[in-house]
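Here is what each chain is made of, one letter per residue.
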Amino acid sequence: MNTFRGVHDMGGLPAGEVVASEHDFALWEKRVDALMVLLSRKNLLTVDELRRNIESLGADAYDKMSYYERWIYAITQTLIQRGVVSIDELGRRIAEVQARDDGGN
Amino acid sequence: MSEHHHHDESVPHRHPLRADQDDTLTYWRAMEIAVRELLIDKEITTADEVRREVEAMDNRTPAHGGRVIARAWSDPDFRKLLLEDGNAACEAMGLERGLYKLVAVENTDKVHNVVVCTLCSCYPRFLLGLPPDWYKSRNYRSRVISDPRAVLGEFGTVVGDDAVVRVHDSTADMRYLVVPKRPSGTEGFSESKLAELVTRDAMIGVSFARQP
C-alpha cells in the first residue's frame, strides 16, 4: 500500500466486486446536499473546502462514515473554520437536538 | 457503508432507505439538524429555501440526460455542439447549464467510454440526479480504472475486443456524460421515444442503451 496516498485516493487499488447498490436518499441526506448547494451559492463553502475536510478524515472514520455523514462533517468543519458557527454554539445545539429527539424534524 | 445496501430486485423502481438512518437520530443527523437550525437563526438561509433546494434536487433525474442523448441521436448539429461544448448544448435545450464544465464522450463501434470519480463522487448531477451508492463505493472507484472490462462484466456489460474501453476520471471542475450508441431498429423514432431507451447507467457507461 502506498503510504503517500490519502484514504480517498483509491483509484487502481485492489478491491472487491462492484455490487450495484443504491438506496433512496433519506430526507436528512437530501438536506445535507441542499446545505452544500445553498452554502456554495452564498459563497460560504467551496468544493475545495468540502473536499479538503473530507479528505482529512482518518482512514478509519472515512470508511466507517456514510457518504452524507462525511459531507455534514465537512460542511460543519468549513463553517467553523470560516467562523460562521462556533464550536460552542454547535455543541450546545447538538445537545439540544439530542435531548429533544423528535425524529429529526 | 453503501456496499452493505443491496438492490432489492423485487422492487425495481424503489430502493430501501439506508437502515437505521431515517428513524434513528444518529450523531451526524443531529449535527445536520443543529447546523441547519443555526444557519436559519443567523438568517443565512430559511427553512423554505432548504425545502425548495431539496425539491429542485428531486426534480433532477436521468430523464434530463436522456433528453439530451435523444436529441444528439436525432440532430447532427446538436450532436456536434454537445461534443464540442456540453454546457452550451444543455443550455440550448432549455436545461440547466451546469456549474462545471461538461464533457460529452461518444460511444462508437471502436470506443466504449466509462465514467468514474476515483477521488470522490463528481457526477453530472444536473443531468442525472444524485449518484447511486455503487458509483461512490470503494470497489467501483478503485477497480474501474485498472480493470474496467471486469467491472463492466459485473454490470452484465460485455464490450467486444474490437473496441477500446476508455475510462474518464471526473474532477471537481469537470463532469463527463457518455453518449451511448443508438440502438439498432430505432430509425424513425421520435426524440421522446428514443429518450425512453437511455438509462442512467448507459450515460455513466456501465451499460448500453436499451433495445426497443
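Small disclaimer: the values here were computed from a predicted structure and weren't measured.

**Observations regarding the overall build of chain A**
Link 1 in the chain: For chain A, the helix and strand inventory stands at five helices and zero strands.
Link 2 in the chain: Secondary structure elements of chain A, listed N to C terminal, follow the sequence α-α-α-α-α.
Link 3 in the chain: Considering only C-alpha atoms, chain A reaches an extent of 45 × 30 × 25 Å along its principal axes.
Link 4 in the chain: The proportion of buried residues among the 105 residues of chain A is 51%.
Link 5 in the chain: Counting only carbon and sulfur atoms, one obtains 50% of the accessible surface of chain A, whose full area is about 5,000 Å².

**Points about the overall build of chain B**
Link 1 in the chain: Broken down by element type, chain B carries eleven helices and four strands.
Link 2 in the chain: Burial status across chain B gives 53% buried among its 212 residues.
Link 3 in the chain: In chain B, of all internal contacts separated by at least 6 residues, the share reaching a separation of at least 24 is 64%.
Link 4 in the chain: As presented, chain B carries roughly 9,900 Å² of accessible surface, and 50% of it is formed by carbon and sulfur atoms.

**So, the domain arrangement of chain B**
Link 1 in the chain: Looking at chain B, the domain boundaries give domain 1 (22-59) and domain 2 (62-204).
Link 2 in the chain: Between domain 1 of chain B and domain 2 of chain B, the C-alpha centre-to-centre distance is 31 Å.

**Focus: the environment of A209(B)**
Residues and elements named next belong to chain B.
Link 1 in the chain: Along the chain, the position of A209 falls in the segment after helix 11 (200-204).
Link 2 in the chain: Spatially, the C-alpha atoms of A209 and G66 are 10.0 Å apart, while their sequence positions differ by 143 residues.
Link 3 in the chain: Setting aside residues up to four positions removed in sequence, A209 forms contacts with W73, P180, K181, P183, L197 and A202.

**Comments concerning the nonpolar core**
Link 1 in the chain: Grouped together as the largest cluster of nonpolar side chains are 97 residues, with contacts concentrated most on L127(B), Y140(B) and I204(B).
Link 2 in the chain: There are two domains that each give this core at least three residues, and those are domain 1 (22-59) and domain 2 (62-204) of chain B.
Link 3 in the chain: Apart from residues lying up to four places away in sequence, Y140(B) is in contact with V18(A), V114(B), V115(B), V116(B), W134(B), Y135(B), V151(B), F155(B), I204(B) and V206(B).

**A look at the interface of chain B and chain A**
Many analyses report the size of an interface as the accessible area lost when the parts associate.
Link 1 in the chain: At the junction of the two partners, chain B supplies 61 residues and chain A supplies 63 residues.
Link 2 in the chain: At the boundary of chain B with chain A, total buried surface from both sides reaches about 6,200 Å², with 61% on carbon and sulfur atoms.
Link 3 in the chain: Run the count over chain B and chain A and you get ten salt bridges.
Link 4 in the chain: Residue E49(B) is joined to K42(A) by a salt bridge in which the shortest nitrogen-to-oxygen separation is 3.0 Å.
Link 5 in the chain: The tally of links between chain B and chain A comes to 23 residue pairs in polar contact (both at pLDDT 80 or more).

**A look at the layout of surface pockets**
Link 1 in the chain: Of the voids in this model, the second largest pocket is the one considered here, and its volume is about 660 Å³.
Link 2 in the chain: Considering the residues around the second largest pocket, the lining is formed by 27 residues, among which M36(A), L99(B), Y100(B), R125(B) and R175(B) are closest to the centre.
Link 3 in the chain: If you list the elements that add at least two residues to the lining of the second largest pocket, you get helix 1 (27-41), helix 2 (47-55) and helix 4 (67-81) of chain A together with helix 6 (125-128) of chain B.
Link 4 in the chain: Class assignment of the residues belonging to the lining of the second largest pocket gives a composition of 16 nonpolar, four polar and seven charged.

**Considerations on the packing of aromatic side chains**
Link 1 in the chain: Summed over all chains, the structure comprises twelve aromatic pairs over all chains.
Link 2 in the chain: Aromatic side chains Y73(A) and W28(B) sit 6.2 Å apart centroid to centroid with 85° between the ring planes, which places their arrangement in the edge-to-face category. A residue pair is termed interchain when its members come from two chains, as with Y73(A) in helix 4 and W28(B) in helix 1 (residues 27-41). The pair Y73(A) / W28(B) is uniform in exposure class, with both members buried.
Link 3 in the chain: Following the ring pairs from residue to residue traces out a cluster consisting of Y123(B), W134(B), Y135(B), Y140(B) and F155(B).
Link 4 in the chain: Positioned above the aromatic ring of Y62(A) is the side chain of R70(A), whose terminal nitrogen or guanidinium carbon lies 4.2 Å from the ring centre.

**Brief notes about the packing of helix 3 (residues 62-74) of chain B against helix 4 (residues 76-84) of chain B**
Residue and element names in this part refer to chain B.
Link 1 in the chain: Running from N to C, helix 3 and helix 4 point in directions that differ by 125°, and their axes come no closer than 5 Å. Comparing their axes, helix 4 and helix 3 come out oblique. Residues V68, R71, A72 and S74 of helix 3 touch helix 4, and the partners they reach there are P76, F78, R79 and L82.
Link 2 in the chain: Across the contact of helix 3 with helix 4, the residue classes tally to five nonpolar, one polar and two charged.

Rules used throughout
- Residues numbered from 1 in each chain as written.
- Chains lettered and ligands numbered in written order.
- Predicted model: local features only at pLDDT ≥ 70, side-chain atom pairs only at ≥ 80, totals over all residues.
- Heavy atoms only, no water.
- Helix = DSSP H or I, 4+ residues; strand = E, 2+ residues; numbered from the N terminus.
- Buried < 20%, exposed > 50% of the residue type's maximum accessible area, 1.4 Å probe, protein only.
- Areas by Shrake-Rupley, 256 points an atom, 1.4 Å probe, with all protein chains shown as cover.
- Contact = heavy atoms within 4.5 Å.
- Domains from an automatic or database assignment.
- Core = buried A, V, L, I, M, F, W, Y, C linked by side-chain atoms within 4.5 Å.
- Buried area = accessible area lost by both parts, 1.4 Å probe.
- Salt bridge = Lys/Arg side-chain N within 4 Å of Asp/Glu carboxyl O.
- Polar contact = N/O pair within 3.5 Å; in protein donor to acceptor, adjacent residues only side chain to side chain.
- 1 Å grid on protein atoms, 1.4 Å probe; cavity = no way out; pocket = protein on both sides within 12 Å on 5 of 7 lines; lining within 4 Å.
- Points joined across faces, edges and corners; volume = space filled by probe spheres on them.
- Nonpolar A, V, L, I, M, F, W, Y, C, P; charged D, E, K, R; others polar.
- Phe/Tyr/Trp six-rings, centres within 6.5 Å; stacked < 30°, edge-to-face > 60°.
- Lys NZ or Arg CZ within 6 Å of the ring centre and 35° of its normal.
- Axes fitted to C-alpha atoms, helices over the stretch in contact; angles between N-to-C directions.
- Parallel < 35°, antiparallel > 145°, perpendicular 65-115°, else oblique.

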